[in-house]
Amino acid sequence: MTGGVEVPTHWYNVLAERGIELPPERAADPSPAGGGGLSAAVPKALVRQNMPLRPWVEIPEPVREAYMEWRPTPLVRLRRLEAALGTEARLYMKYEAGNVAGSHKYLTALAQAYYYAEAGVRTLVTSSAAGQWGTAVAAAAARFDLRCVVHMVPGSFDRKPGRRAAMELLGAEVLRGAESAPGGGRGTALSDVMSEAMKRAGETEGGRWILGGSEPFAILHSTVIGAETREQLAGLDEDGEPVLIGYLGGGKNVGGLGLPFLADGGEAAIVPVESSSYPVLTRGVYRYDARDRAGHGSQAKMFTLGSGYAGAPIQAEGMRYHAAPKLFSELRAREMVRPEAYDEKPVFDSARLLLRTEGHLPSAEAAYAVHAACEMAGRPENAGRPLVFCLSDHGHYDGDAYRAYLDAQLAGRSPEDSEIA
């Protein structure tokens, strides 16, 4: 369903409407291990969007014009999946993978590329785990005539040649992350390639590193998802309090879907879903911690497992991170979200069921939202209630992950308490 719904003209800022002040960041060590400077200047427009200033922020016309090329996106009732589960809940999928980047991440990548271009930046340097964010930044950079450099987690670089080819076709330079991390460990996670990207940005004239993926302004840019979904549900006469589900990652898909339902004093159950191998919101500690392993960036107050946490090599590379986004950490501390954590095997079982019943193959990350929706549909309190999950990324490049599932080669495991710093 897309009929009768307009592409939103404004983004929603939950910080402003709910009067939330995020804890200030702490400056990084001026001489982090590994050397190299970091040019981390963020355009003032983006800085303001991280503040509780206005509940609704106008979308720049060049950005909205780009959105209109594929939006509004469909909200699909999953009747065959409901029948297979034998549930009395009503399951809906908000499909966000129908754009050049194949994911919801294109929403904020476009906005950030626009603001950086307006600020005179010529090169965007970023880090990417599974490749969705790198593809989104590459596409957005191409649209606004910027250069793009992507540092990619080595496992994804090797196993996802299609994703890498897409970035290169869009004009990006894609670099394989190093196998060794500072201190002699294996450099295989997002926090490691973040360190590399930061160092590269500091050495690039006219370049800026964009974390973007988990910043409050990136989540704000994604709220067009939920603004559309509210209208679509109303058009279907769904007036009950919905359950809104997305995998955690950087918080954009679950925040983009769920937070607009809090506008004007609204209520909704917002469910960020994480891997039990990286249980940042369900088992982490809310404290200041480094965002990358080498400590190049500033420290933020987050639910964290410790920046040195070495979790299992799960297939969902985008969820292999030691901490939760700042905004979702604060929302969790205020009990405004209800996190869930799941093991890999049942997650892929649910992804397979979605493919068989509805014909959609989710990414390894989005499969967590699919499984949460399937599991929560069986809870008595959700009978007769709308459950909406964000299918935020397609799984067309994730054949290696599904091959590991079919071959019983999944390696996820829950950490011991002693492993969590």
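Here the structure is a predicted model, which is why all the values come from computation and not from measurement.

*Asks:* Hey, could you go over unusual backbone geometry for me, with residue numbers and the actual values?
*Replies:* With an omega of 0°, the peptide bond between Arg 71 and Pro 72 qualifies as cis. By secondary structure assignment, the location of Pro 72 is in the loop between α3 (61-67) and β3 (75-77). The residue Asp 145 is not glycine, and still its phi comes out positive at about 60°. Tracing the sequence through the fold places Asp 145 in the loop between α6 (132-143) and β6 (147-152). The phi angle at Asp 264 is positive, at roughly 60°, despite the residue not being glycine. Residue Asp 264 is classed as exposed on the basis of its relative accessible area, which comes to 64%.

*Asks:* Before we move on, could you go through the packing of helix α15 (residues 344-358) against helix α17 (residues 399-406) and cite the residues and values that matter?
*Replies:* For any two helices packed against each other, the geometry is given by the interaxial angle and the distance between the axes. Contact pair α15 / α17: the axes reach a minimum separation of 11 Å and the direction vectors enclose 110°. By the angle class used here, α15 and α17 are roughly perpendicular. Helix-helix and strand crossings are classified by hand; for α15 and α17 the assignment is left-handed. Residues Lys 345, Phe 348, Asp 349, Ala 351 and Arg 352 of α15 touch α17, and the partners they reach there are Ala 401, Tyr 402, Tyr 405 and Leu 406. A per-class count over the contact of α15 with α17 returns 6 nonpolar, no polar and 3 charged.

*Asks:* Talk me through the pattern of salt bridges; I want residue IDs and the actual numbers.
*Replies:* In this structure the tally under the stated criterion is 27 salt bridges. Residue Glu 25 pairs with Lys 326 through a salt bridge whose shortest N-O separation is 2.6 Å. One end of the pair, Glu 25, is in the loop between α1 (14-17) and α2 (44-49); the other, Lys 326, is in helix α14 (residues 326-333), and 301 residues separate them in sequence. We classify Glu 25 as partly exposed; its relative accessible area is 33%. Arg 413 is the partner of Glu 419 in a salt bridge, and the nearest nitrogen-oxygen pair spans 2.8 Å. You can call Glu 419 partly exposed: its relative accessible area is 27%. Arg 413 sits in the partly exposed class, given a relative accessible area of 41%.

*Asks:* Give me the pairing of strand β9 (residues 243-247): which residues, what numbers.
*Replies:* Counting buried positions over the 5 residues of β9 gives 5, a clear majority of the element. Both faces of β9 are covered, namely the face carrying Val 243, Ile 245 and Tyr 247 and the face carrying Leu 244 and Gly 246. The pairing of β9 with strand β10 (residues 269-275) spans 5 bridges and is classified as parallel. Bridging across to β10, Leu 244 finds its partner in Ile 270. Assessed by its sense of winding, the connection that carries the chain from β9 through helix α12 (residues 252-258) to β10 is right-handed. Pairing analysis gives 3 bridges linking β9 to strand β14 (residues 386-391), with the strands arranged parallel. By the bridge assignment for β14, Val 243 is matched with Leu 387.

*Asks:* Explain empty space enclosed by the protein to me, using residue names and the numbers behind them.
*Replies:* Across all of its chains, the model carries 2 cavities of 30 Å³ or more by this definition. Empty space within the largest cavity amounts to approximately 440 Å³. Considering the residues around the largest cavity, the lining is formed by 35 residues, among which Leu 190, Ser 214, Gly 249, Gly 250 and Gly 318 are closest to the centre. Secondary structure elements with two or more residues in the lining of the largest cavity: β5 (123-128), α6, α9 (190-202) and β10. Taken together, the residues of the lining of the largest cavity sort by class into 18 nonpolar, 11 polar and 6 charged. What the second largest cavity holds in volume is close to 70 Å³. Considering the residues around the second largest cavity, the lining is formed by Tyr 12, Asn 13, Val 14, Leu 15, Gln 49, Pro 216, Ile 219, Leu 220, Thr 223, Leu 259 and Leu 327.

*Asks:* Let's hear about the nonpolar core: which residues, and what values?
*Replies:* The biggest cluster of nonpolar side chains holds 62 residues, and the ones touching the most others in it are Ile 245, Leu 259, Leu 327, Tyr 368 and Phe 389. Among the elements that make up this core, the one with the highest residue count is helix α16 (residues 366-377) (9 residues). Counting residues in hydrophobic clusters, the runner-up holds 53 residues, among them Val 7, Leu 110, Ala 141 and Met 167.

*Asks:* Describe the environment of Pro 154, with residues and values.
*Replies:* Tracing the sequence through the fold places Pro 154 in helix α7 (residues 154-159). Distance from Pro 154 to Ala 130, taken between C-alpha atoms, is 9.8 Å for residues 24 residues apart in sequence.

*Asks:* Describe the sheet that holds β5, and please don't skip the residues or the numbers.
*Replies:* Judged by pairing direction, the sheet is parallel, and its 4 strands sit side by side in the order β7-β6-β5-β8 without closing on themselves. Only two strands of the sheet have a single neighbouring strand rather than two, namely β7 (173-176) and β8 (207-209). Taking the axes of each pair of neighbouring strands and ignoring which way they run, one obtains an average angle of 20° across the sheet. Strand direction decides the pairing type here: β5 and β8, joined by 3 bridges, are parallel. Looking at the pairing, Thr 123 lines up with Gly 207 of β8. On the sheet, α6 packs against β5 and β6 and is oriented at approximately 165° with respect to β5.

Criteria and cut-off values
Residues numbered from 1 in each chain as written. Predicted model: local features only at pLDDT ≥ 70, side-chain atom pairs only at ≥ 80, totals over all residues. Heavy atoms only, no water. Helix = DSSP H or I, 4+ residues; strand = E, 2+ residues; numbered from the N terminus. Buried < 20%, exposed > 50% of the residue type's maximum accessible area, 1.4 Å probe, protein only. Axes fitted to C-alpha atoms, helices over the stretch in contact; angles between N-to-C directions. Parallel < 35°, antiparallel > 145°, perpendicular 65-115°, else oblique. Left-handed = near helix turned anticlockwise from the far one by under 90°. Contact = heavy atoms within 4.5 Å. Nonpolar A, V, L, I, M, F, W, Y, C, P; charged D, E, K, R; others polar. Salt bridge = Lys/Arg side-chain N within 4 Å of Asp/Glu carboxyl O. Pairing = 2+ DSSP bridges. Right-handed = clockwise from strand over helix to strand, strands pointing away. 1 Å grid on protein atoms, 1.4 Å probe; cavity = no way out; pocket = protein on both sides within 12 Å on 5 of 7 lines; lining within 4 Å. Points joined across faces, edges and corners; volume = space filled by probe spheres on them. Core = buried A, V, L, I, M, F, W, Y, C linked by side-chain atoms within 4.5 Å.

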